[in-house]
Amino acid sequence: MSGSDSMVKSVVFESAGTGIDPKRSFANSSIDQGRLITMALVHHAFPKRHHLLFAYDYREPYYPTLPADMNMFLRPADWKKELERCECPHWRITCINGTSDGFMPTAGETLIVPSSMLDYSLIDTARLYRAGRVPVWVWGRPDGAALLRSGETLQTEASMTAESIFLEQVRRSHPKLRQPRILYLCGGQAGYADAVTAPLPALAALHASYNKLLDLCTPTTLRGFWEQDSQYYSILDSSKWLRHVAGCLALADEAAASLDANDTVVLVEGEGVDYCAVVSCLTQLLLDPHCRTISGFQSLIQKEWVALGHPFCDRLGLLTPTNPKDQANNTERAPVFLLFLDCVWQLQNQFPTEFQFSETYLTTLWDCCHNQLFDTFIFNCPRDRELAVSKFLYFKKRHYGFHRDFTARDLTLLTHLTTQSVENEGEALGNFVLRPVWDWGEQFSEQDMSMFYNPLYAGGKLQPLSQRMSRSSITSMESRLERLRPCAAPPAVELWSQCYERWLLPLDAAGAGRVQYHIYNVAVLDQIHRLKEKMVSLSIMSRHSTGEAEAGALKRHLVPRFYPFSCSRAQDAPTTLDAMQVSLIDASQLLDSQSLLNAPD
Amino acid sequence: MDKHNSSELLNSDFSLSKNASSDSLDSDSKSSSLNSKHGQDSPHVVGDIQVLDGEMVMGSARDVTYLCPYNGPCRGVLKVTNYQIHFRPTDVSAQQGILSVPLGVVSRIEKVGGATSKGENSYGIEVFCKDMRNLRFAHRQENHSRRGIFEKLQQLAFPLSHRLSLFAFSYSESFPEEGWHVYDPIAELRRMGVNNDMWHITRINDKYEVCDSYPAIWAVPAAANDDLLRAVAAFRSRGRIPVLSWIHPSSQATITRCSQPLVGFKNLNKLDMVYYGMVYYGMVYYGMVYYGMVYYGMVYYGMVYYGMVYYGMVYYGMVYYGMVYYGMVYYGMVYILWHGVSGKRSREDERYIQLIMDANAQAHKLFIMDARPSANAIANKAKGGGYESEDAYQNAELVFLDIHNIHVMRESLRKLKELCFPQIDQTRWFSGIEASCWLKHIKCILAGAVRIVDKVENHKTSVLVHCSDGWDRTAQLTALAMLMLDPYYRTLRGFEVLIEKEWLSFGHKFQLRIGHGDERHSDADRSPVFLQWVDCVWQLQQQFPTAFEFNERLLITIIDHLYSCRFGTFLFNTERERVKEEVKTKTMSLWSYINTNQELYLNPLYWGPSSLNPTNNQIPYARPQQVLVPVASLRLIKLWKALYCRWNPTMRQQDPIYQRTRELVALRAQLEAAVAAAAGEHAARSQRLALTPPRVSSPLHHTLV
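Scoring rules and cut-offs
- Residues numbered from 1 in each chain as written.
- Chains lettered and ligands numbered in written order.
- Predicted model: local features only at pLDDT ≥ 70, side-chain atom pairs only at ≥ 80, totals over all residues.
- Heavy atoms only, no water.
- Helix = DSSP H or I, 4+ residues; strand = E, 2+ residues; numbered from the N terminus.
- Buried < 20%, exposed > 50% of the residue type's maximum accessible area, 1.4 Å probe, protein only.
- Contact = heavy atoms within 4.5 Å.
- Areas by Shrake-Rupley, 256 points an atom, 1.4 Å probe, with all protein chains shown as cover.
- Pairing = 2+ DSSP bridges.
- Domains from an automatic or database assignment.
- Buried area = accessible area lost by both parts, 1.4 Å probe.
- Salt bridge = Lys/Arg side-chain N within 4 Å of Asp/Glu carboxyl O.
- Polar contact = N/O pair within 3.5 Å; in protein donor to acceptor, adjacent residues only side chain to side chain.
- Axes fitted to C-alpha atoms, helices over the stretch in contact; angles between N-to-C directions.
- Parallel < 35°, antiparallel > 145°, perpendicular 65-115°, else oblique.
- Left-handed = near helix turned anticlockwise from the far one by under 90°.
- Patch = residues over 30% accessible without salt bridge, like charges linked within 9 Å, V, L, I, M, F, W, Y side chains within 5 Å.
- Expected span 1.5 Å × (residues − 1).
- Phe/Tyr/Trp six-rings, centres within 6.5 Å; stacked < 30°, edge-to-face > 60°.
- Lys NZ or Arg CZ within 6 Å of the ring centre and 35° of its normal.
- pLDDT = per-residue confidence, 0-100.

A word on the overall build of chain A. Along chain A, the regular secondary structure elements total 25 helices and six strands. Burial status across chain A gives 55% buried among its 601 residues. Residue pairs in contact within chain A that sit at least 24 positions apart in sequence constitute 77% of those at least 6 positions apart. With an accessible surface of roughly 26,200 Å², chain A has 55% of that area assigned to carbon and sulfur atoms.

Right, dumping it as structure tokens:
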């Protein structure tokens, strides 16, 4: 039983990060029950193969209802739309990566490269980059500057030349022929990095940092909670998490500043799928107001994380290696996406009126990375996703005579498979449907989803009053590209309380916390809305006698600090105080060695 | 700070240089209210400097360079008035850089460098301020150019040390609101339902004879007669007997405050004496060592060369003696605890405490909250003080709240200042916060207040709070607990009343703690006790953003004028002194200034009834949250960057939320007015329609009329 005990412990710890109440334990249940539950948990919480993920089991039919202005970046046409949105004529779309000549196995079929770059030279150059990650366009400005992301080059003589040739093509894609600026985000090329503000950590270090943070945010006992509390800042500091967040923000700010000065920026990092995505997304959030809307943000994630192949499956550790040793030194696992969401939260915190989505939206998004129901976050790259779909189609065709002709691409993919493996997984694949997480209606009610919208958002139809009065409509184009200037110094970076501390019961209190800003402003907006309606009804139906309800009081319901996440007690219950809160404050810790008992009063 | 930031600094508006534009409604809290006279009051312009009523330019120096830690050196003219230090750059484009610092915030002025010092800007004056910044001015090295201004500064910044009067007595501006009327002790007690069966108002201290640091009007148990009160006063340190601070409207549980009982020791034999002596002198010497360190630390701060060596020697010597003294204290304490010698008793005091307990019918117990750490409370016995023993006081339970004394707090804030000014050490930010212990002290005070609230609210038990003298930690605790318990104190007016009552009338020694106009900057009586309490209030505001009618800006304004000496509110130590000096007639009240511009200090997110127009009950606001119970955890207690880091222009504030909410609320008000107007019109019209006989004229005709 001892073995399974430790397993239970690991289950409990695992779930802490993903948002299941960590306080549950099996102390009170009988041994067999405990084993049974443990087995089930181990089976479902630690799937060993991809096709055991819940997405393959989920049989609910899916009816897509994505917003029309959301770009999924699945087809070349989607990329074309993005190129047109950014008004960047000097770049072209190539689909060569989708053919048998594909050189970047972890990216989708569509890439955007300098117009002057020919496909065959792309293929040649790609051999000299790690994972074939040549610099590809992700975003641009109408006046010419573009944002590119790339992997590192291999350390050979030839690669240096190839890189400079490529960069020359990038330079020519700028209408003013300006030299691109290269930002090295992480990795061994610091030797010729020009200005690395705060080098980002290796993935393993990031993971370790996250684990320390997790320890700080998941004390198992009340006593542990107050003990951590007495040295909270040094533990927080030793986790270094906030430093990494600040580092990403600083790099993004630097990239945004260059782009704002109309310089092309090339982000370079190892295989170009981790910090590249973080910094590139943040840069676009700083520069492009469209990305700060909900659909814009979702498109951004589709583009930078999904289409360009961030290995979600590896980074989130969805599959448990069969060998426990591998599990221990799994260097692939790292919460890069969380780091990104945290950075976005910092931006939200610094610019509370600039984002259409709320912090609840970000937290929910992080939770959705773990529910394994949606295809968005369970694959390592677009090719894996296509493969899963193709396998499913192949299986259907064989067994049910499903009428659909395979495209040439499907066949290419299928040639990589042995029939045997398809047969084995066939049963599981029988129901597989691509179900993007962005269809929030699949998971949440309208009321829940209203928590995703930031009531303070000023970019929508409700312009700030002062702006509406002072600025004419002509300047709106200018303000469109006004960049946010975040403060990336460590003192300006805060801990994302809602995400990390929401299950800490001792912190909960009615009427407390940031969520009150949200609730209050939603109430005020609601009143404004009703008043407007009343105005309209008064002016239109002036003949009718008004028997309608009053515009309404501010209905106040007291919500707890971590609303809507808290698992707290009944709201009105009187809060009795645990003596722990005070008794554990050790007087001696308050004193530095010098000041103890320094004088009678 | 890296290169990239410094270019930004030049563009960003610089908070030192607040002038009219930056003090508009929508810049919330960061702005320094010290200079806000330019925006609000009628400014008088003398030469190129805006002065207050009663302010005069007393001296000036040309060709001075202000060494701004953020924007770099800047040449201009330095002027001194009887109220402020004023610096105006000669470069017109740098008009942003106007510096205006009230002399009240100056803690110390020093000459830097000599006539022969080498290097640019090495000769000049350095001004150390109480509000977490230092100003450095460089003068030209010819002709003793700094001498005149230095002497003027010394004289004007420290008028009390030069037998001059404070600026508040020269300041003569009239405000439409009269702030001295904000607090009326009788009205405030009546608001809480006193007199009632159990409590009544006594004027025994009308001439401040029973206790010179207490107000003239007390609320005490109705059963206590004057003789009893006098007898109790004799047993309490400085006559500060337990009197009522707050009474629960439904349960009648009370918060009372006092000073420590004069327990001391009785019948000391020789051996006892030795041990008490050890404790007492150990503590005194330890304290001296400690102050010495602080003093030398301050003197040699910035002088790197031989100061380091000297500092090091002093330091190690002190550590050594510190350990010896610590040992003395420790063994002495062990002895005392071991032998458990009891102190003196006072039957009257015990009876009086019993009366306080009996005044609350709901509980048969009384909690005595001693704000000190138990070690300090024991050590106080050696001086004749101490704490109530549970043997002598039946049904009373004693709790120590472990809040440290003024010296620890002062040292903690000094460390915090080192961390926040001038440059923030980015790599040491969190460890620096931890090492300063400031947030831990805040946590202790909050936790103490939460305990009081818990006893009063949840257990319906009365609480008696004291520390040593009952004017520092006691005021912090009672005022904070009252703020948590009573929504009235969370309104703008209520907050002013709270400060007037718990801090000013009960004799928190503002003069000693702040040192208005006094040049003894290393005086051991100085301590940021009130500032610390305001920080606690800010923590509450942060945790409950909709519970307060006032905003962060009010708190910062209060802090600014705590030092500025422009208003009479925070002058002197006690109510008695203020009456004697006729503060109410000779000076202005800070509340006059604040209430005249109160919309600047209102929180747009406030969710409760306004104190400003109490008759206006038609606003359908819900009942405010009655009791706030903050979580005293460092996870939630934040550093108040808007106050401690406010001179640093890179520290961004969260103004947009307030600004945006304010806009939304304004829009709502606009719509409400429009709807009301439209509805009124509509009602009038339909009334007319109803009254009109149908045949005589058509409704259309009527509407045209």
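Across a regular strand the side chains alternate sides, sitting on one face of the sheet and then on the other. Residue and element names in this part refer to chain B. Pairing of strand E3 (residues 57–68) with strand E4 (residues 72–81) involves nine bridges; the strand directions are antiparallel. Within E4, the residue paired with Ala-61 across the bridge is Leu-78. The antiparallel hairpin formed by E3 and E4 contains three residues in its connecting segment.

All names here are of chain B. What the domain assignment reports for chain B is domain 1 (3–164), domain 2 (184–265 + 342–651), domain 3 (270–338) and domain 4 (658–688). When each unit is reduced to the centre of its C-alpha atoms, the spacing between domain 2 and domain 4 is 42 Å. Facing the six residues of domain 2 at the interface are five residues of domain 4. Taking both partners together, domain 2 and domain 4 bury about 460 Å²; carbon and sulfur atoms supply 58% of that area. Remark: the boundary between domain 2 and domain 4 carries zero salt bridges. The tally of links between domain 2 and domain 4 comes to one residue pair in polar contact (both at pLDDT 80 or more).

With that out of the way, let us pick up the packing of helix H10 (residues 406–420) of chain B against helix H11 (residues 429–436) of chain B. Residue and element names in this part refer to chain B. Two elements in contact, H10 and H11, have axes whose closest approach is 8 Å; the angle formed by their N-to-C orientations is 165°. It follows that H10 is roughly antiparallel to H11 by the angle criterion. The two elements H10 and H11 meet at a crossing, and its hand is right-handed. Residue-level contacts link Ser-412, Lys-415, Leu-416, Leu-419 and Cys-420 of H10 to Trp-429, Gly-432, Ile-433, Ala-435 and Ser-436 of H11.

On to the side chain of His-407 of chain B. Residue and element names in this part refer to chain B. Relative to the helices and strands, His-407 resides in helix H10. The exposure class of His-407 is buried, given its relative accessible area of 9%. For His-407, the side chain forms a polar contact with the side chain of Arg-410, separated by 3.2 Å.

A contiguous nonpolar surface patch, about 250 Å² in accessible area, is contributed by Leu-36, Ile-37 and Leu-41 of chain A. Checked against the element boundaries, Leu-41 of chain A lands in helix H2 (residues 31–45).

This paragraph deals with the pattern of salt bridges. All names here are of chain A. On inspection of all chains with the given rule, the structure shows 56 salt bridges over all chains. The partner of Arg-127 in a salt bridge is Asp-124, and the shortest N-O contact between them spans 3.3 Å. Owing to a relative accessible area of 40%, Asp-124 belongs among the partly exposed residues under this scheme. Across the pair Asp-274 and Arg-315 runs a salt bridge, and its minimum N-O distance is 2.7 Å. Of the two residues, Asp-274 sits in the loop between strand E6 (265–269) and helix H11 (275–287) while Arg-315 sits in helix H13 (residues 312–316), which places them 41 residues apart along the sequence. Like Arg-315, Asp-274 is buried.

All names here are of chain B. The antiparallel open sheet is built from seven strands, whose spatial order is E6-E5-E4-E3-E9-E8-E7. Since the sheet does not close on itself, it has two edges, and those belong to strand E6 (99–102) and strand E7 (106–112), each with one partner. Within the sheet, the average angular offset between the axes of one strand and its neighbour, ignoring direction, is 30°. Where strand E5 (residues 84–89) lies against E6, four bridges are found, and the strand directions are antiparallel. Following the sheet pairing, Gln-84 is matched in E6 by Pro-102. Running over the sheet, helix H3 (residues 147–157) touches E3, E4, E5, E7 and strand E8 (124–129) and is turned about 165° from E7.

As a further point, take the environment of Ser-213 of chain B. Mapping Ser-213 of chain B onto the fold places it in the loop between strand E10 (199–202) and strand E11 (218–221). Accessibility expressed as a relative area gives 2% for Ser-213 of chain B, which makes it buried.

All names here are of chain B. Along its 13 residues, helix H17 (residues 552–564) runs 18 Å from first to last C-alpha, staying within 8% of the 18 Å computed at 1.5 Å per residue. Summarising burial for H17: 13 of the 13 residues are buried, a large majority. Looking one or two places after H17, you find Cys-565, whose phi comes out positive at around 65°.

Glancing now at the packing of aromatic side chains. Residues and elements named next belong to chain B. Applying the stated rule across the entire model yields 58 aromatic pairs over all chains. A ring pair is formed by Trp-438 and Tyr-644, whose centres lie 6.1 Å apart and whose planes are at 85°; its orientation type is edge-to-face. With a gap of 206 residues between them, Trp-438 in helix H12 (residues 438–458) and Tyr-644 in helix H21 (residues 641–644) connect regions that are remote in the sequence. In terms of burial, Trp-438 and Tyr-644 fall into one category: buried. A cation over a ring is seen here: Arg-133 above Trp-647, with NZ or CZ 3.6 Å from the ring centre.

The next subject is the confidence of the model for chain B. All names here are of chain B. Chain-level statistics for chain B give a pLDDT mean of 82 and a share of 77% at 70 or above. Residue range residues 294–309 is modelled with pLDDT below 50. Its contacts to residues more than four positions away, or to other chains, number 18 contacts. Model confidence for the complex: the whole-complex pTM is 0.85, and ipTM, which rates the interface, is 0.84.

Moving on, we come to unusual backbone geometry. Residues and elements named next belong to chain B. Look at the link from Val-194 to Asn-195: it is a cis peptide, with omega at 5°. Positionally, Asn-195 belongs in the loop between helix H4 (185–191) and E10. Of note, the bond from Phe-421 into Pro-422 is cis; its omega dihedral lies within 30 degrees of zero at -5°. Along the chain, Pro-422 falls in the loop between H10 and H11. Backbone geometry at Gln-252 places phi at a positive 65°, although glycine is not the residue there. Along the chain, Gln-252 turns up in the loop between strand E12 (243–247) and strand E13 (254–258). Using a relative accessible area of 26% as the deciding quantity, one classes Gln-252 as partly exposed.

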